[in-house]
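What the coordinates show
Residue strings, one per chain:
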4 protein chains.
Amino acid sequence: MTGSTRVAVLGASGYTGGELVRLLASHPALEVTFLGGQGSAGKTLGEVHPHLAGLPIAGQVLETAEVSGVAAVAAAAELVFSALPHGASAAIAPALLDAGLTVVDLAGDFRLPAAAYPEWYGFEHPAPQWLTEAVYGLPELFGVQLPGARLVANPGCYPTPVILGCAPLLDAGLLVPGPIRVDGKTGLSGAGRGATEASLFTSTEDSVRPYRVPRHQHTPEMEHGITLATGLAPAVLFVPHLVPTVRGVLTTTYASLAEGVTTEALTECLAAAYEGRPFVRVLAPGQMVDSKRTRATNLVELQAIADPRTGTAVIVGALDNLVKGAAGQAIQNANLLLGLPEETGLPTLAVYP
Amino acid sequence: MTGSTRVAVLGASGYTGGELVRLLASHPALEVTFLGGQGSAGKTLGEVHPHLAGLPIAGQVLETAEVSGVAAVAAAAELVFSALPHGASAAIAPALLDAGLTVVDLAGDFRLPAAAYPEWYGFEHPAPQWLTEAVYGLPELFGVQLPGARLVANPGCYPTPVILGCAPLLDAGLLVPGPIRVDGKTGLSGAGRGATEASLFTSTEDSVRPYRVPRHQHTPEMEHGITLATGLAPAVLFVPHLVPTVRGVLTTTYASLAEGVTTEALTECLAAAYEGRPFVRVLAPGQMVDSKRTRATNLVELQAIADPRTGTAVIVGALDNLVKGAAGQAIQNANLLLGLPEETGLPTLAVYP
Amino acid sequence: MTGSTRVAVLGASGYTGGELVRLLASHPALEVTFLGGQGSAGKTLGEVHPHLAGLPIAGQVLETAEVSGVAAVAAAAELVFSALPHGASAAIAPALLDAGLTVVDLAGDFRLPAAAYPEWYGFEHPAPQWLTEAVYGLPELFGVQLPGARLVANPGCYPTPVILGCAPLLDAGLLVPGPIRVDGKTGLSGAGRGATEASLFTSTEDSVRPYRVPRHQHTPEMEHGITLATGLAPAVLFVPHLVPTVRGVLTTTYASLAEGVTTEALTECLAAAYEGRPFVRVLAPGQMVDSKRTRATNLVELQAIADPRTGTAVIVGALDNLVKGAAGQAIQNANLLLGLPEETGLPTLAVYP
Amino acid sequence: MTGSTRVAVLGASGYTGGELVRLLASHPALEVTFLGGQGSAGKTLGEVHPHLAGLPIAGQVLETAEVSGVAAVAAAAELVFSALPHGASAAIAPALLDAGLTVVDLAGDFRLPAAAYPEWYGFEHPAPQWLTEAVYGLPELFGVQLPGARLVANPGCYPTPVILGCAPLLDAGLLVPGPIRVDGKTGLSGAGRGATEASLFTSTEDSVRPYRVPRHQHTPEMEHGITLATGLAPAVLFVPHLVPTVRGVLTTTYASLAEGVTTEALTECLAAAYEGRPFVRVLAPGQMVDSKRTRATNLVELQAIADPRTGTAVIVGALDNLVKGAAGQAIQNANLLLGLPEETGLPTLAVYP
């Protein structure tokens, strides 16, 4: 395919890696030429992801994606999507970058200031010099920094709707700066493909439960992203919950409402902020977000409600955590980085019902 | 059965009515002697609820439960559980009370001050004189008022864990009075047995969505219950969400934390408040509430977490909305009203997994 | 769009109609120019299917699709996909055909001989003259009849995997003619969008149950399709079951195995029959069909197992009932009818997990 | 508790072990005095099963249940429920029996003739002398052998409804002897508590798939049980499927119908066979079995349909695999063995919805 960019997918054996390969299969300008795995190295793509068995590259073997293998990646590809686990990305990315590759990192390894890593991720960052160079890849807010970027930190699934929902409202003064509380709900695909008792069907059917409260690593990312976008520094509390769905994240954000602000004003502000953007759907007052309407798409649904009784703005957002919350947004970032239209190869029609 | 109280179940054809009959079937001191239905009048219990087809009373016919039928109810029973829809209970309860019956009302019709009905329920209350006589039946807080009560307003499924979680903490000064935000998650049995597109399996699988925000009728009930218990009057915002479960409500409450208060202090306060109560399980710090562990029981699970970074107390509660959130709590109220041990006939071991 | 065929979708408000519009949105040679509804006439596509709100035609209004409206359909389109209910298609199709339109009917109205309709569908067929002209649109078996066809009877979701699985094996003499028993499992999207108690989330979660046994209308269609393909006339028993999934049909067929036939022989026969066909995936011995791997694709997965102990061939098939079982296969038929490659515009990569 | 039998539960950490403890907690004549685990030895019951944390014995520590520990079991208990994995039961049971204990084994270790173990379970049976002494514990058919039995082989979840459904019909000559094909559907609790990718929520949501075909170890058990009950020896083919439910097994059995036999005749035969039995519900013609109506009960629902078109009898059965398919039936066996009414301590009202 003349003119297409050769792409490596590292961490191809996980759900996010599989979703990257699935979406890239119909991308007109990106071609997967390298597949990296860790535990699955040596197996073919079709063995690791039977639902991809029909692809021309289904027979391609996953290779080890470690620092020693960087030369192979560099020989095969120009752009790297790294869906490696937290920590593993930070370990290999500098070598990839030094070898001249462009890196879109889907882990949390380049999203925060260096000082935050010991507290929230449990490791000292091994390559702090790259943190300042990384672009935080939320295209609707920071897309202007993407063309030509060398390293993109692809946002987390939860921070994406929260930052998109809060930033314009804070900027416009419709929210009063102060603590922001975020109540998250997620399905099981976010927990990954590794088998634990907590992720069994038996454990999760008919179950709702919070987890990792109040120390989820997306907390500082929400704070940092809001600061990047607005210059303000509200403290964020994040309380995630597991619900029996597979795809889909829904966040309900509680912030202090400025005096006299109405639901209509909040809605208009969000609608204006994202006018013309192909992946943000701001709902009219009275409509309610539904995570299912974003399934298998790169969409975010947003709505905002003013509750003057309690001085609260409620901002609800939803997305498919494997697409707009991971693989789709990574491709959107790559599109902009390469000068392509941002919607290239990305779905917007939900598989419903 | 000598010594048992004869009981009528009105609204027996719904999920709550069916759950009342199921639980009462193994109650040693309450005997169902009258079944009232509306659309289902004329059918037998076994036809209306095939899962109850094995009961001795499965062949009993549901009778119309309207004001004209009060004499029949009064002839058959001493105590009435009314699982009629909102509004229908208020219409019939005065006649039942005048006929000398004791009434435990599972609708919202006797939970609020008269002034709140037009705004939150959409009707002018037809019997305001009974509102002051009604006991708000949250036994762990107001049980002392139950012995001998004539009319019990059985609490809503959402308000139960919220009020149980907040009241002791407010009382102890561990929370700063101020707006309280409640994020609720519920399964589909709360939506009842009536068929709507929104309640279909196809609509709700893999879907999370808020509903009726910010006007859910449980909002003033949470405010009122907290005031009854503490004398304080914080404003409450309530944002309920539908998730793909059948039974189970989980509420996550965000309140302002008093200076210096720790997770341990919050936990100890709740544990002390409910020590010895058979249906409240306060989790130790680090454990997380799971709605599934309350399934088919009359239990509430509670946990509290302090987040000094944002000055927030997070209080999580869960219960089975058909048991502790409706039929089970109604029986608990009846037990206390009649002078029986409150746990009589009520399950505490979850059907898990 | 020069060169594209203008297409009408009748019954656009149901799940199948919505799926047709969703799939056609990315079809390079078919353009939706008319939307017909019945109860939903007068609403826009975006109102009826909020997940399609991002489409350019989301604002288009659904029009009444009755015989009186045939002129409007004929003015707008050349090809009609009719996703109307059984009976309604038979009522309108003759007028559409007379007006020069080509019709792909997704109901059961043109799949059987006239004599079968009173018994299995409960009506006397109003246009028996068209039954002989209709092509039974199972492209992998009858594709040669499609180019230039005027009327295509798009197969039912259950018969598709059953006929595809049995026909080559019967033809090759690997099965002994005799009664064939088909055990079907389906999700709720097959029950459609209409709200009934049986389709509620509460009724179907944690439930498995047979339905319409032994009188399901797909029974004679399986018999007829097998006869069309093989000239043989085995009697078929069909026992469908409802399971708590949304998309996906899985059929397990029990037939008499010819002496000495092995699993390998069955597998090779199926593999040879569908070699090169883009939408049939025959699994190697030892692999097991999974309906989830066909989700949102036009694929059928097939496997066959010989059990000499009981003289049985077990043939398992799965597909997405809204795609290969309805809308996708209809588009595949239209592609062949119009001389396009059969895979045009049709997905083969499952949305997994 | 005077007069109660002291009971040991081995394998208490699994789902079946937990269900035994849950059900025994309300049994008036059996008292759990010993809890055996393997990987979980050293933990308390409440740690291993948090949903049982409210029990008086929640603090009891699980002890190793190996041959070396038999003396401890014998000191603590008179009756043993062994929910150990296949193979582990056969290893320890002889020592328990030699120590004078009565054993109800929930594994497959004493259900078959010795010759069947190498082929179907993969091991040479270590204690064939006990196989002839074991009673196959299907109380509705073999209850007469239970009083005073030393060793009970508790049936598998799938064979229970199949044997109960087929035996009376074969006995009465309503079925023609010949191959019987059984199509099974099960939820995930049958797969146990161990974490595998195949049992994740992500893998099983919206998925239907066969497994272990045609070598499932319940195949010879169905054959053996039918032979024990009827003296006939039909060959059985068993094709199990996994569906996204937690509890519940539904079996659809296809057998050859004798000439002229009607649905009514099949139904009457089953109804007569189980008249007065508290746990078998035979449905009237036209009603359909629903596994959900058996949830958390010791019930079996049965229905039978004649299809003269194909000469087939379809027999459908459903039960809760953890109750009537395991723990509940084990208690029913113990009740009869000890001379108690068989329904003692066993639930018959489903937790519905």
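What you are looking at is a predicted structure, and each value in this text was computed from that prediction instead of being measured.

As for the relation of the copies chain A and chain B
For the pair chain A and chain B, the superposition axis carries a translation of 0.0 Å, the fit reaches an RMSD of 0.0 Å, and the rotation angle comes to 180°. Such a combination of rotation and displacement between the chain copies is what one expects of a two-fold axis. Judged by C-alpha distance, Pro244(A) is the residue of chain A that lies nearest the rotation axis, at 3.1 Å. Taken as a fraction of all interface residues of chain A, those also at the interface in chain B reach 100%, which identifies the copy contact as same-surface.

With respect to the nonpolar core
Grouped together as the largest cluster of nonpolar side chains are 461 residues, with contacts concentrated most on Val9(A), Val9(B), Val9(C), Cys166(C) and Val9(D). The contact partners of Val9(A), leaving out residues within four places of it in the chain, are Gly17(A), Leu20(A), Val21(A), Val32(A), Leu35(A), Gly36(A), Phe81(A) and Ala83(A).

Comments concerning the domain arrangement of chain A
All names here are of chain A. Taken domain by domain, chain A holds domain 1 (5-155 + 324-337) and domain 2 (159-320). Summarising the inter-unit geometry, the C-alpha centres of domain 1 and domain 2 are found 25 Å apart. Facing 19 residues of domain 1, the contacting portion of domain 2 comprises 26 residues. With five residues, helix α12 (residues 323-337) is the single largest residue contributor to the side of domain 1 that touches domain 2. Class assignment for the residues of the side of domain 1 that touches domain 2 results in ten nonpolar, six polar and three charged.

Describing unusual backbone geometry
Here Val213(B) and Pro214(B) are connected by a cis peptide whose omega angle stands at -5°. The linkage connecting Tyr352(B) with the following residue, Pro353(B), adopts the cis geometry, with an omega of 5°. With respect to the element layout, Pro353(B) can be found in the segment after α12 (323-337). Positive phi outside glycine occurs at Ala296(D), with the angle close to 65°. Tracing the backbone through its elements, the reader meets Ala296(D) in the loop between β12 (280-282) and β13 (300-307). Since 22 C-beta atoms lie within 10 Å of it, Ala296(D) is described here as buried.

What to know about the sheet that holds strand β14 (residues 312-319) of chain C
Residues and elements named next belong to chain C. Sheet architecture is open: seven strands sit in the order β9-β10-β8-β11-β14-β13-β12, paired in mixed fashion. Here the strands that pair on one side only, and so sit at the sheet edges, are β9 (209-210) and β12 (280-282). Helix α8 (residues 159-171) contacts β8 (175-186), β11 (249-257), β12, β13 (300-307) and β14 of the sheet and is inclined by roughly 140° relative to β14. Along the sheet face, helix α11 (residues 263-273) touches β12, β13 and β14 and points at about 150° away from the line of β13.

A look at the interface of chain A and chain B
If you look at the interface, chain A gives 43 residues, while chain B gives 43 residues. Contributing elements (two or more residues each) for the side of chain A that touches chain B: β8 (175-186), α9 (201-204), β9 (209-210), β10 (236-242), β11 (249-257), β13 (300-307) and β14 (312-319) of chain A. Residues that form the side of chain A that touches chain B fall into these classes: 21 nonpolar, eleven polar and eleven charged.

Details of the pairing of strand β11 (residues 249-257) of chain D
All names here are of chain D. Where burial is concerned, most of β11 is hidden: eight out of the nine residues are buried. Pairing of strand β8 (residues 175-186) with β11 involves eight bridges; the strand directions are antiparallel. Considered in β11, the bridge of Lys 185 is made with Leu 250. Summarising the sheet, β11 and strand β14 (residues 312-319) pair through eight bridges and their orientation is antiparallel. What sits directly across from Leu 250, in β14, is Ala 318.

Brief notes about the interface of chain D and chain A
By a frequent convention, interface size equals the accessible area lost on bringing the separate parts together. Residue-level contacts link 14 residues of chain D with 14 residues of chain A. Split into classes, the residues belonging to the side of chain D that touches chain A amount to six nonpolar, five polar and three charged.

As for the pairing of strand β1 (residues 5-10) of chain C
Residue and element names in this part refer to chain C. In the sheet, β1 pairs with strand β2 (residues 30-37) via six bridges, with the strands oriented parallel. The partner of Val 9 across the bridge, within β2, is Leu 35. In this fold, β1 hands off to helix α1 (residues 15-24), which returns the chain to β2; that crossover is right-handed. With four bridges joining them, β1 and strand β4 (residues 79-82) adopt parallel strand pairing. Across the sheet, residue Leu 10 finds its bridge partner in β4, namely Ser 82.

Each value, and the rule that gives it
- Residues numbered from 1 in each chain as written.
- Chains lettered and ligands numbered in written order.
- Predicted model: local features only at pLDDT ≥ 70, side-chain atom pairs only at ≥ 80, totals over all residues.
- Least-squares fit on C-alpha atoms with pLDDT ≥ 70 in both.
- Contact = placed C-beta atoms within 7 Å.
- Core = buried A, V, L, I, M, F, W, Y, C linked by C-beta atoms within 7 Å.
- Buried ≥ 20, exposed ≤ 12 C-beta atoms within 10 Å, placed from the backbone.
- Domains from an automatic or database assignment.
- Helix = DSSP H or I, 4+ residues; strand = E, 2+ residues; numbered from the N terminus.
- Nonpolar A, V, L, I, M, F, W, Y, C, P; charged D, E, K, R; others polar.
- Pairing = 2+ DSSP bridges.
- Axes fitted to C-alpha atoms, helices over the stretch in contact; angles between N-to-C directions.
- Right-handed = clockwise from strand over helix to strand, strands pointing away.

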